[in-house]
Each structure stands twice: as structure tokens, then as C-alpha cells.
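Observations on the model geometry
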Amino acid sequence: GGLTGGIGRRVDAAVAGVSEALFEPVIRLGVTGLSRAGKTVFITSLVANLLDRGRMPQFSAAGRIEAAFLQPQPDDTLPRFDYEAHLGALTGATPHWPASTRAISELRLSLRVQPSGFLGGLIGGLTGPRTVHLDIIDYPGEWLLDLSLLGKTYAEWSELTLERIAHRTQAAEFMAIARAEDGGLRLEEPRAQVLAVAFTAYLQAARGAGWSDCTPGRFLLPGDLAGSPVLTFAPLPKPGSVPRGSLYREMDRRFAAYKSLVIKPFFRDHFARIDRQVVLMDVLGAIHAGPMALEDMRRTMAEILGAFRPGQNGFISSILMGRRVDKILFAATKADHLHHSQHPKLTAITQALLREARDRAAFAGAETQAMSLAALRATVEEVREHGGETLDVVRGTLLDTGKQAAMFAGLLPDDPNHLIGPARKGEAAWLDSDYTVMNFAPARLTLRPGDGPPHIRLDRAAEFLLADRLG
Ligand code: GDP
């Protein structure tokens, strides 16, 4: 596309007719984050709040949006983001959390916007409101991590991975199998499968324990590739010789196939077309899991951000062809687990986690921002007396029992460096043990007059990501 600044850079002439495309810019908003970061809830809430505006006081374009409606998406072969089912889960009679992101999906929300400003008034007077399409692309952050595999051979990847996981308890079983295996022997498919199954089980356990660096991403979220040869490999120690037809040789070939048939197409067909990006992070979950998990999240975020720094990666540069993501929002999710007095600290920790990653993105010219938010507030705030102290707590309905419970998650430190950095690695967990026990159900939407919006800072997220394109 080639329209000027505020009107938007991307037009999808292949989808719309040429004249329509000229006047109907498209914003392709990528939403990613590791699994359980909150992508599904974020997209569902963002769309619900854009469809039914009035709960987004900090979103400056809201007043100019005359109408918002869901439309058929432009990409016919991508699964559609199941908005209605997710909204149904969150807002039904017994609200529950929707099924999480398993693969890529897309949703088109079209906005009829009254142009702003003098020029806008002029154009608006001539043409009336214009339509801006918001195409939301939901995809697992695990897939972005795969970018780091492109630059590695199977031998390099195997060596690095085995070294990194050798002492993780979750990897004990896989390591035993891998060590006992002789990759120089002739390939027997059942043995390859045993290795892949054990490696996948390790990845799942590692994710569950709070480790972020769990590649290859499709092993965790295989979609329709489950069971295919391209996902039936695992890291192996290099044998003395690697004859033709050996297990190691075949694993090497499958690793190469994973790169060319899984990783590259995703980046070329989907990632390369994104304009704006949200990276959601369960920072509270990592803080609770402990220092190692937090350090791992820091490293992983730096790696994820590598994808947004085209100069660094020849493959990415070649598929972007000069395009780039120009805004990236990093959001610590589930902030409703903390009293708002602690939100600035959570944001500061998120910023500290991203320092290195942000420097890189800034280098590539993208504008970045960090914030703490809750796409759907499941709690209300209260002040409680406890043992002569006053505590700022949050109260919500427990998912399993349906009972009300108040939680004081603990105090985050004023200085994020108390959590992040080599000095803190030896410690156990920081947040109160109640933190994970307290699994709150999504709150019924009562919206009595005087109630705050049913989210925390979702409107600010929309402001950063969208407002300038809706002017
Ligand atoms: P995804 O894997 O990134 O799609 O993650 P989901 O959107 O499915 O969120 C994972 C889980 O995090 C949900 O099932 C909720 O338990 C929790 N969660 C997500 N967003 C919020 C939020 O705004 N507030 C609270 N309290 N919990 C949330």
C-alpha cells in the first residue's frame, strides 16, 4: 500500500476491490504470548469492548467509532477465532474461562470511523465515515521462538538443548532414553517415536513448571501436524559415525523439514503481514514460579523479540521486504490478581524483564510500551484488617468451589532488580503460596452504575495499538 501516515499503510488489494481497498485500510494486529499468557481472553474482551463501546474511557478514538461489526475474514484457509464461543464461556450463566489458543486463528472486526481533525472534517464532509478493518491474528508465542532454530543445524540444536535441559528434573526421563540411544544405528520408527513422545512430555512438563524456552513450538501445540514425521524427532547426542539410514541422519532430515515446512511458512505467510503486535506475558505467574522461571522469561522475551528486529535475521529481512511492525505492546496480564497500588511495580518488573529485548526492538524502529492489564477483571479490591495491619486485597469467586475468597498475593519489591538478575537466582518463590491456589472464575458482568470497567487498562492498550490509525 502507499497511503499517507494516518490513513494506514496496508491495503489488501487482493481481498477487496481496488477502490474499496483505497478507502478501507487494514490494520493487522498480531496477538501472541506463551500458552496461558491470556491471548484468548484478551482478544475476546478487546473485541467485545470494541463492539459495545462505552467502557473504554482511555481509548480516544472510541467516540469517533460509529459502528463496529464482525465480518468474514480475508484469509479463507485460516481457522476463525471462535469469538462467540469464547464470549459465551465468559458471560454465560456460570462464567468460565474459554479454551486457550492452540494454533493460529483470525478474526476481522470492521470499524466505521468518523475522521478526526480539520482535514478529517473536510474529508469526512465529502465522503462520510470510512471503514477500517481490524484483522486480529492470534498465534502461539512458542511459534516465534522457533525462529532461533532456523540458524541452527540439527547437531547444534541437539547439543545446546541437551546441555540446557540435562539437569532439569522434568527432563530426567527423556535424558535417560536419549543417553541410552545410539543415533548411529539404523532407524527404527518406533524408537524415533519413543524419543519424540518423551521429548514432548518433557516440553509439556517444563512449560507447566514455568520454563519458557520450550522449542520446537509445534511439539507443544501441534495442531494437525500431530504424529507426522516433521514432529517425530528429538535432540540426540552425536554418534561417532552417522551412516546413511541411521536414526541420527533421519532426525537431522526431519529437523530440516521442520524448519522449511513448518517454521518458514508461518513467518512468511502470517508473521510478515502483521502491522501491530501485542505480546502478552504472565509475569505474575513467572514471579510466583520463582527466580529461575523469571530469568527464563527474560531470556525468552529477548529471543521472541529477535523476530521483530529484521536486520538481525536474514530470513526475516527477506520475507518482510521493507515492511515492519511499527508498534509493539508488552502487557503483563492478569493484573486483577493484585491491588492496583502494586500495578506500577508489576509494570516496572515487566519493563526490567524486557530491557534487553526492548533495546533491540527500538533499534529496529518499532515503538514499544509496557503495561499491566487484565482483559477481564475477575476480582474487586478491598482493604482488610489482618493481625493489626491493613492489607490491600482482591476478592473474587473461586473457580472450583464457587465461594468468595480474598487474596493478598504478597508485596512486589519496589526495585525490580530485586527480582531480576543473577543475584536472586537461588531463591524459592516470591509471591505468597496462595497465589496459585486462588484460581478466580471470571466475574459475572453486573456493570452497576459506579462500577469500574470490567477490565484493567484494556482501553489504554487499544489507545496505544489502534488510535493513531483510526484518526
Ligand atoms: P492463552 O493460552 O494465551 O490463549 O491464554 P488464555 O486467554 O486462555 O488465558 C489462560 C488463563 O489465564 C485463563 O484460563 C484464566 O484462568 C487466566 N486469565 C487470562 N486473562 C485473565 C484476566 O484478565 N484475569 C484473570 N484473573 N485471569 C485471566
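Quick look at the structure, then. The shown structure was predicted, so the numbers you read here are calculated from the model rather than taken from an experiment.

Cut-offs and rules
- Residues numbered from 1 in each chain as written.
- Predicted model: local features only at pLDDT ≥ 70, side-chain atom pairs only at ≥ 80, totals over all residues.
- Heavy atoms only, no water.
- Helix = DSSP H or I, 4+ residues; strand = E, 2+ residues; numbered from the N terminus.
- Contact = heavy atoms within 4.5 Å.
- 1 Å grid on protein atoms, 1.4 Å probe; cavity = no way out; pocket = protein on both sides within 12 Å on 5 of 7 lines; lining within 4 Å.
- Points joined across faces, edges and corners; volume = space filled by probe spheres on them.
- Nonpolar A, V, L, I, M, F, W, Y, C, P; charged D, E, K, R; others polar.
- Domains from an automatic or database assignment.
- Near = heavy atom within 4 Å.
- Polar contact = N/O pair within 3.5 Å; in protein donor to acceptor, adjacent residues only side chain to side chain.
- Areas by Shrake-Rupley, 256 points an atom, 1.4 Å probe, with all protein chains shown as cover.
- Sits in = over half its atoms within 2 Å of the grid points.
- Core = buried A, V, L, I, M, F, W, Y, C linked by side-chain atoms within 4.5 Å.
- Buried < 20%, exposed > 50% of the residue type's maximum accessible area, 1.4 Å probe, protein only.
- Expected span 1.5 Å × (residues − 1).
- Bend = angle between axes of the 7 residues up to and from the residue.
- Pairing = 2+ DSSP bridges.
- Axes fitted to C-alpha atoms, helices over the stretch in contact; angles between N-to-C directions.
- Salt bridge = Lys/Arg side-chain N within 4 Å of Asp/Glu carboxyl O.
- Parallel < 35°, antiparallel > 145°, perpendicular 65-115°, else oblique.
- Left-handed = near helix turned anticlockwise from the far one by under 90°.

So, about the environment of N439. On the secondary structure map, N439 appears in the loop between α16 (434–437) and α17 (458–466). The contacts of N439, once residues within four sequence positions are left out, are W97, T397, L398 and L399.

So, on to empty space enclosed by the protein. A full pass over the atoms with the stated rule returns four cavities of 30 Å³ or more. Here the second largest cavity is characterised by a volume of approximately 40 Å³. As for the second largest cavity, its lining consists of H337, L338, H339, Q342, D392, V393, V394, M407, F408, A409 and G410. The greatest single-element share of the lining of the second largest cavity, amounting to three residues, is contributed by strand β9 (residues 389–397). Residue composition of the lining of the second largest cavity, grouped by class: six nonpolar, four polar and one charged. Two domains each provide a minimum of three residues to the lining of the second largest cavity, namely domain 1 (5–139 + 270–375 + 456–470) and domain 3 (379–437).

Take the site of the ligand next. Around the ligand, the surrounding shell holds 18 residues, and the nearest of these are R36, K39, T40, S100 and D336. The side chain of S100 places a nitrogen or oxygen atom 2.6 Å from an oxygen atom of the ligand. With respect to the ligand, the side chain of K334 contributes an N or O atom lying 3.0 Å from an oxygen atom. If the ligand stood free it would expose 580 Å²; the protein chains cover 96% of that surface. The site holding the ligand turns out to be the largest pocket.

This part takes up the nonpolar core. Core analysis: the largest hydrophobic core is formed by 88 residues, its most contacted members being F174 and F267. The element that contributes the greatest number of residues to this core is helix α11 (residues 247–269), accounting for 10 residues. In terms of nonpolar packing, the next biggest core, distinct from the first, is built from 42 residues, L107, L109, L458 and L470 among them.

What follows deals with α11. Spanning 23 residues, α11 covers 32 Å between terminal C-alpha atoms, matching the ideal 33 Å at 1.5 Å per step. Its axis deflected by about 30° at I263, α11 carries its strongest bend there, up to four residues before the proline P265.

So, on to unusual backbone geometry. Leave glycine aside and you will find that most residues have negative phi; peptide bonds, for their part, are mostly trans. Looking along the chain, the bond that leaves T215 and enters P216 is cis, with omega of 0°. As for its position among the elements, P216 is in the loop between α9 (189–208) and α10 (217–220). The phi angle at K334 is positive, at roughly 60°, despite the residue not being glycine. Positionally, K334 belongs in the loop between β6 (327–332) and α15 (343–363). Residue K334 is classed as partly exposed on the basis of its relative accessible area of 26%. Of note, R457 is a non-glycine position whose phi angle comes to about 65°, a positive value. Residue R457 is classed as partly exposed on the basis of its relative accessible area of 26%.

Moving on: the sheet that holds β9. Here three strands make up an open sheet; going across it, the order is β8-β9-β10 and the pairing antiparallel. Here the strands that pair on one side only, and so sit at the sheet edges, are β8 (379–386) and β10 (404–407). Strand-to-strand, the axes of this sheet are offset by a mean angle of 35°, without reference to chain direction. Relative to β9, β8 runs antiparallel, the two being bridged by eight bridges.

With that settled, consider the sheet that holds strand β5 (residues 276–281). Strand order in the open sheet formed by seven strands is β2-β3-β4-β1-β5-β6-β7, with mixed pairing between adjacent strands. The two strands at the open ends of the sheet, each matched to only one other strand, are β2 (65–71) and β7 (367–372). For this sheet, the mean inter-axis angle between neighbouring strands, taken without regard to orientation, is 20°.

Considered as a void within the structure, the largest pocket measures approximately 1200 Å³ in volume. Surrounding the largest pocket, 46 residues form its lining, S35, R36, A37, D282 and K334 being those nearest its centre. Put simply, the parts of the chain that give the lining of the largest pocket at least two residues each are α2 (39–51), α9, β5, α12 (283–289), α13 (291–306) and α16. Residues that form the lining of the largest pocket fall into these classes: 23 nonpolar, 15 polar and eight charged.

What follows is about α9. Between the first and last C-alpha of α9 there are 28 Å, a value that for 20 residues agrees with the 28 Å anticipated at 1.5 Å per step. Looking at the packing, one finds that the buried side of α9 touches α5 (141–145), α7 (154–165), α8 (172–180), α10 and α11. Backbone geometry just downstream of α9 places G210 in the positive-phi region, at approximately 100°.

Now for the pattern of salt bridges. Taken as a whole and assessed by the stated rule, the structure comprises 22 salt bridges. Notably, a salt bridge pairs E106 with R28, separated by 3.4 Å at the nearest N-O pair. Of the two residues, E106 sits in strand β3 (residues 105–113) while R28 sits in strand β1 (residues 26–33), which places them 78 residues apart along the sequence. A salt bridge links R253 to E250; its shortest N-O distance comes to 2.9 Å.

Attention now moves to the packing of α9 against α11. One way to put it is that α9 packs onto α11 with a least axis distance of 11 Å and a crossing angle of 60°. Considered as vectors, α9 and α11 are oriented oblique to each other. Like other packed secondary-structure pairs, α9 and α11 cross with a definite hand, here right-handed. In contact with E189, A192 and L195 of α9, α11 contributes L247, M251 and R254. Tallied by class, the residues present in the contact of α9 with α11 amount to four nonpolar, no polar and two charged.

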